[in-house]
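# Structural description and commentary
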Amino acid sequence: MEGFLGTIYETISTIKLRFSTKPGGSVSSGQLVEIIGDNKSKTHYLGRVTGIERKNYLIDQDGAVQLSTLYEDNEKLNSEDIGIKGDFQDYVICEVEIIGNRKSNGTIFNRPRKPFKIGTKVYKASSDFLNDQLKPWGNSIEIGKFRDNKKVPIHIDLNELISKHFSVLAMTGSGKSWTVSVIIEAIANNFDIPILIFDPHGEYSSLKIPSNKNINQNTISDKVKVYMPSDITSKERSDDMFKEKFGIDRESELLHVNITELETYQIIHLLRSLYDLSEAQSRILQAGWTDIIEDPELRNTINIEKIIKKLGDIGSDVVQGPSAKNILSTKLRILFNSMPFIRKSTSDTPLELNNLVKKGQISVIDMSGIEVIHQQALMAILSSKILKSRMEGRIPPLLMILEEAHRYIPSGAVSTASKPTIKRVAQEGRKFLMGMGIVSQRPSRLDDDVLSQCNNQVIMRLTNPNDQNYVKKVSEWVADRDLEEIRSMVPGEAFIFGSAVPLSLPIKVTKDRLTKHGGYTPDIIDEIEKY
Ligand SMILES: Nc1ncnc2c1ncn2[C@@H]1O[C@H](COP(=O)(O)OP(=O)(O)OP(=O)(O)O)[C@@H](O)[C@H]1O
Ligand SMILES: [Mg+2]
């Protein structure tokens, strides 16, 4: 075998041991090693260097004291002058933790039952061995390579990733949107799973543009459909900007829903947070809104006055005097008119869920330019409609991506129109194969229930201690030593923790994109030139 590193001189348990290199040997912290067991089948075990020390048998502590005294007296003196040649003949002693051996198609690593024999050789884990140990067990996607060995691709199990939800957490600019796009491309390139992206910055429309290298490669681009939940002027402006930037028509569609798509708690929440609601006004909505959304005629109306009239009739039974009703009517009118995606004319076609969630389609909802509170309302409406339709089997299984998720599912007592629904999707979506990918740069500001329902985490560079501790708290998979690595990762590097990978290793997410990246960090010098 190639890649000899050293020899075991001490075993602490069946899965902990120490080995030493020869003088001049080199091992790095975190390095993966391969050790052959002395069982009958000569199982190869994978291990990880968890501790490392460099020593020299000519210089112990006393020797160093004496050397220091000599150097102090004569600064020009160095080790060669006193007979210590070359690199001091340092050797490296390493502590290793055994991960185990994974049988093909197994999901777990089996550990050795007996300690390794003293004198056993330790090798660098070979590419072939790593590829064998990391082999996917079902349908999977490749998103990059093992950071420390480019010959080892990293696969994620698709079923685990989508059906058990995932999160992508990292500081701004670390490559979250890039990684999400790589995941989307890999899925769309190989499977027909519908993907729905809530895109607050309008950065995912560029999935329509094949990257230069793959100019004839339209498999992804053809699948992308962009929806604009905005007014026609904003849509046209945004389409023009896209054309100017990429030279291709975006062919986006306006997205419209009836106001009656808002459930009672959602409309109360919206009105309360936008314009404040008195107790009497909430009571009217509580008493009447369900009747309105269940009324076959009102359900599809574009006339808010008809809704207000019916609410007024119901209101008369629950509150006294006209003032609460009148003020509520005014607030409803303002809400109706201010939300750009609410149907206001018969030419506004109501959204068909079957068109939004469709086999082989990537639907991008470009929410840039609409207020956050309206974005929350839209997310609430769509995700609850989708969950209901999934439960009834009316639409195919899907993956839904939430970028800037802290805006929609904030932590603690802060409520938003979208939070209860997203919590429900996090809990119940799994059973109905409605997967969610949660993306955020501030994990500690995300709702813990939703985050802890994500069985897989893609973690990239995170330096804020609150965020790191939070990630550790919500994920059973993250170890302290992983946090060390996460602190010092560079953009494009990631760890994947959870059920979709056999082992969490540092990954270099592929830089070879099939489509153009839409997320960008503005450069002040470039921008200033435009003025
Ligand atoms: N795997 C990668 N390979 C090559 N370049 C990358 C990779 N990941 C990220 N980058 C570079 O880093 C930049 C920022 O990445 P990205 O837009 O994904 O950051 P982000 O984490 O989504 O940031 P934000 O929080 O601001 O949305 C990209 O424009 C790209 O140039
Ligand atoms: Mg981003």
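Residues numbered from 1 in each chain as written. Chains lettered and ligands numbered in written order. Predicted model: local features only at pLDDT ≥ 70, side-chain atom pairs only at ≥ 80, totals over all residues. Heavy atoms only, no water.

### Side note on the site of ligand 1
The immediate surroundings of ligand 1 are formed by 14 residues, with Thr172, Gly173, Lys176, Ser177 and Trp178 found nearest. In this structure, a nitrogen atom belonging to ligand 1 sits 3.0 Å away from a main-chain N or O atom of Val509. Contacts to ligand 1 include His517, whose side-chain N or O atom sits 2.9 Å from an oxygen atom. Protein contacts shield 76% of the accessible area of ligand 1, which totals 640 Å² for the unbound molecule. Ranked by residues supplied to the shell around ligand 1, first place goes to helix α4 (residues 176-190) with three residues. Tallied by class, residues from the shell around ligand 1 come to three nonpolar, nine polar and two charged. (Near = heavy atom within 4 Å. Polar contact = N/O pair within 3.5 Å; in protein donor to acceptor, adjacent residues only side chain to side chain. Areas by Shrake-Rupley, 256 points an atom, 1.4 Å probe, with all protein chains shown as cover. Helix = DSSP H or I, 4+ residues; strand = E, 2+ residues; numbered from the N terminus. Nonpolar A, V, L, I, M, F, W, Y, C, P; charged D, E, K, R; others polar.)

### Focus: the domain arrangement of the protein chain
Here the protein chain is partitioned into domain 1 (4-133), domain 2 (153-255 + 351-528) and domain 3 (259-338). Computed from C-alpha coordinates alone, the two centres of domain 2 and domain 3 are separated by 33 Å. Counting from both sides, the interface comprises 12 residues of domain 2 and, opposite them, 10 residues of domain 3. Across the contact surface, domain 2 and domain 3 share one salt bridge. One can count six residue pairs in polar contact (both at pLDDT 80 or more) joining domain 2 with domain 3. Only α12 (372-391) and α13 (419-428) provide two or more residues apiece to the side of domain 2 that touches domain 3. Counting residues per element, the side of domain 2 that touches domain 3 draws most heavily on α12, which supplies seven residues. (Domains from an automatic or database assignment. Contact = heavy atoms within 4.5 Å. Salt bridge = Lys/Arg side-chain N within 4 Å of Asp/Glu carboxyl O.)

### Points about the environment of Arg390
Secondary-structure assignment places Arg390 in helix α12. As a C-alpha pair, Arg390 and Ser411 span 21 residues in sequence and 27 Å in three-dimensional space. With sequence-adjacent residues up to four places away left out, Arg390 is seen in contact with Ile395, Pro396, Pro397, Leu398, Phe432, Leu433 and Met434. A distance of 2.7 Å separates the side chain of Arg390 from the backbone oxygen of Phe432, its partner in a polar contact.

### A word on the pattern of salt bridges
All chains considered together, the criterion is met by 36 salt bridges. Across the pair Glu95 and Arg18 runs a salt bridge, and its minimum N-O distance is 3.0 Å. Pair noted here: Glu95 is in strand β5 (residues 91-100) and Arg18 is in strand β2 (residues 16-20), with a separation of 77 residues, a long-range link. Exposure remark for Glu95: the relative accessible area of 23% places this residue in the partly exposed category. Of the charged contacts, one joins Asp249 and Lys243 as a salt bridge, the two residues approaching to 3.6 Å between their closest N and O atoms. Given a relative accessible area of 38%, Lys243 falls into the partly exposed group. Salt bridges sharing partners connect three or more residues here, namely Arg147, Asp148, Glu485 and Glu493. (Buried < 20%, exposed > 50% of the residue type's maximum accessible area, 1.4 Å probe, protein only.)

### Some words on the pairing of β5
Of all 10 residues in β5, eight are buried; the element is thus mostly enclosed. Sheet topology note: the β2/β5 ladder contains five bridges and is antiparallel. Bridging from a neighbouring strand, Leu17 pairs with Val96 of β5. One ladder, built from nine bridges, connects strand β4 (residues 44-55) with β5; its direction is antiparallel. Among the inter-strand pairings, Gly51 is bridged to a residue of β5, identified as Glu95. (Pairing = 2+ DSSP bridges.)

### Some points on the nonpolar core
Counting residues in each nonpolar core, the largest one holds 76 residues, and the members touching the most others are Leu356 and Ile365. Per-element tally for this core: the top contributor is α12, with eight residues. Grouped together as the second largest cluster of nonpolar side chains are 50 residues, Leu46, Val152, Tyr204 and Val226 included. (Core = buried A, V, L, I, M, F, W, Y, C linked by side-chain atoms within 4.5 Å.)

### Things to note about the sheet that holds strand β18 (residues 506-509)
The 12 strands lie next to each other as β8-β7-β18-β17-β16-β9-β15-β14-β10-β13-β11-β12, forming an open sheet whose pairing is mixed. Since the sheet does not close on itself, it has two edges, and those belong to β8 (149-157) and β12 (253-254), each with one partner. The strands touched by α4 are β7 (140-146), β9 (166-169), β10 (195-199), β13 (362-366), β14 (398-402), β15 (434-440), β16 (456-459) and β18; relative to β7, the strand with the most contacts, the crossing angle is about 135°. Strands β16, β17 (493-498) and β18 of the sheet are contacted by helix α16 (residues 480-487), whose axis makes an angle of about 155° with β17. (Axes fitted to C-alpha atoms, helices over the stretch in contact; angles between N-to-C directions.)

### Focus: helix α9 (residues 304-318)
Taking 1.5 Å per residue as the helical rise, α9 with its 15 residues ought to reach 21 Å, and the 21 Å between its terminal C-alpha atoms agrees with that figure. Listing the buried residues of α9 in full gives Ile304, Ile307, Ile308, Leu311, Gly312, Ile314 and Gly315. Packed against the buried residues of α9 are α7 (279-294), α8 (296-299) and α10 (323-338). Put simply, Asn303 is the residue that caps the front of α9, since its side-chain oxygen is 2.9 Å from the backbone nitrogen of Glu305. (Expected span 1.5 Å × (residues − 1).)

### Here we look at the packing of aromatic side chains
Throughout the structure, instances matching the rule amount to four aromatic pairs. For the ring pair Tyr45 and Phe116, a centre distance of 5.7 Å and an interplane angle of 80° mean the geometry is edge-to-face. You can see Tyr45 sitting in strand β4 and its partner Phe116 sitting in the loop between β5 and β6 (121-124), a full 71 residues away along the chain. No difference in accessibility class separates Tyr45 from Phe116, as the two residues are buried. Taking the centre distance of 4.9 Å and the plane angle of 55° together, the rings of Phe242 and Phe246 count as tilted. Here Phe242 and its partner Phe246 are both found in helix α5 (residues 232-246), four residues apart, which amounts to about one turn of the helix. Seen from the ring of Phe336, Lys344 lies directly overhead, with NZ or CZ sitting 5.8 Å from the centre. Arg513 extends its terminal NZ or CZ atom over the ring of Trp178, reaching a point 5.0 Å from the ring centre. (Phe/Tyr/Trp six-rings, centres within 6.5 Å; stacked < 30°, edge-to-face > 60°. Lys NZ or Arg CZ within 6 Å of the ring centre and 35° of its normal.)

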